[in-house]
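Listed here are the chains, written in short residue letters.
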Amino acid sequence: MLKIMIKQENQKPRTIRLPYLLIDMGLRLATTKLFWKVINSTKRQNQEQEEHQWLLLEQIDWQDIQPILKEIKNYKGMTILDVQDKNGQAVKVEL
């Protein structure tokens, strides 16, 4: 489970938990041809967007992502990101 903890000044800390199954399904959806067909039709409607920002994402294949997700599951409890600024705001991402 991916845990994202957000702490802001004068607010209660928030934790967002994303199960690997939800991440897996989201990535499967994002790598489908139908998804990119919808994205490309939206791009044509918004011509002011730059073309090159989508090129890398269109080339990602599910078979490239699947081994990465399997390997991430082996590192439970590992902290990926732990950032805090001078004002006391913090973001922490753990596996």
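Basis of the calculations
Residues numbered from 1 in each chain as written. Predicted model: local features only at pLDDT ≥ 70, side-chain atom pairs only at ≥ 80, totals over all residues. Heavy atoms only, no water. Pairing = 2+ DSSP bridges. Helix = DSSP H or I, 4+ residues; strand = E, 2+ residues; numbered from the N terminus. Axes fitted to C-alpha atoms, helices over the stretch in contact; angles between N-to-C directions. Buried < 20%, exposed > 50% of the residue type's maximum accessible area, 1.4 Å probe, protein only. Salt bridge = Lys/Arg side-chain N within 4 Å of Asp/Glu carboxyl O. Patch = residues over 30% accessible without salt bridge, like charges linked within 9 Å, V, L, I, M, F, W, Y side chains within 5 Å. Areas by Shrake-Rupley, 256 points an atom, 1.4 Å probe, with all protein chains shown as cover.

Peer 1: Which parts of the structure should I look at to understand the sheet that holds strand 3 (residues 79–84)?
Peer 2: One key point about sheets: their strands pair by backbone hydrogen bonds, in either a parallel or an antiparallel sense. The 4 strands lie next to each other as 2-1-4-3, forming an open sheet whose pairing is antiparallel. Every other strand in the sheet has two partners, leaving strand 2 (14–18) and strand 3 as the edge strands with one partner each. For this sheet, the mean angle separating the axes of adjacent strands, direction not counted, is 10°. Note that strand 1 (residues 2–7) and strand 2 share 5 bridges and pair antiparallel.

Peer 1: When you look at the pairing of strand 3 in this model, what are you seeing that I'm missing?
Peer 2: Among the 6 residues that make up strand 3, 0 are buried, leaving the element largely open to the surroundings. Judged from the 5 bridges that link them, strand 3 and strand 4 (residues 90–94) form a sheet pairing that is antiparallel. Bridging across to strand 4, Val 83 finds its partner in Val 91. Between strand 3 and strand 4, which follow one another and run antiparallel, lie 5 residues, and Gly 88 among them has a positive phi close to 95°.

Peer 1: Can you walk me through the pairing of strand 1 in this structure?
Peer 2: Regular strands show a simple pattern: their side chains alternate between the two faces of the sheet. The turn joining strand 1 and strand 2, which pair antiparallel and follow one another in sequence, is formed by 6 residues; a positive phi near 65° is taken by Asn 10. In this structure, strand 1 lies alongside strand 4, joined through 5 bridges in antiparallel fashion. Counterpart to Ile 6 in the pairing with strand 4 is Val 91.

Peer 1: Which parts of the structure should I look at to understand the pattern of salt bridges?
Peer 2: A side chain of one charge can pair with a side chain of the opposite charge when the charged atoms of the two come close. Under the defined criterion, the tally for this structure stands at 2 salt bridges. Its salt-bridge partner being Arg 28, residue Asp 24 comes within 3.2 Å of it at the nearest N-O pair. With Asp 24 and Arg 28 both in helix 1 (residues 20–30), this residue pair falls 4 residues apart, about one helical turn. Owing to a relative accessible area of 18%, Asp 24 belongs among the buried residues under this scheme. We note a salt bridge from Lys 92 to Glu 94, for which the minimum N-O separation is 3.3 Å. For Lys 92, a relative accessible area of 27% gives the class partly exposed. According to the relative accessible area criterion, Glu 94 is buried, its value standing at 17%.

Peer 1: Got a minute to help me understand a nonpolar patch on the surface in this structure?
Peer 2: Together, Ile 80, Leu 81, Val 83 and Val 91 give the surface a local cluster of nonpolar side chains, amounting to about 310 Å² of exposed area. With 3 residues, the top contributor of residues to the nonpolar patch is strand 3. Judged by relative accessible area, which is 32%, Val 91 ranks as partly exposed.

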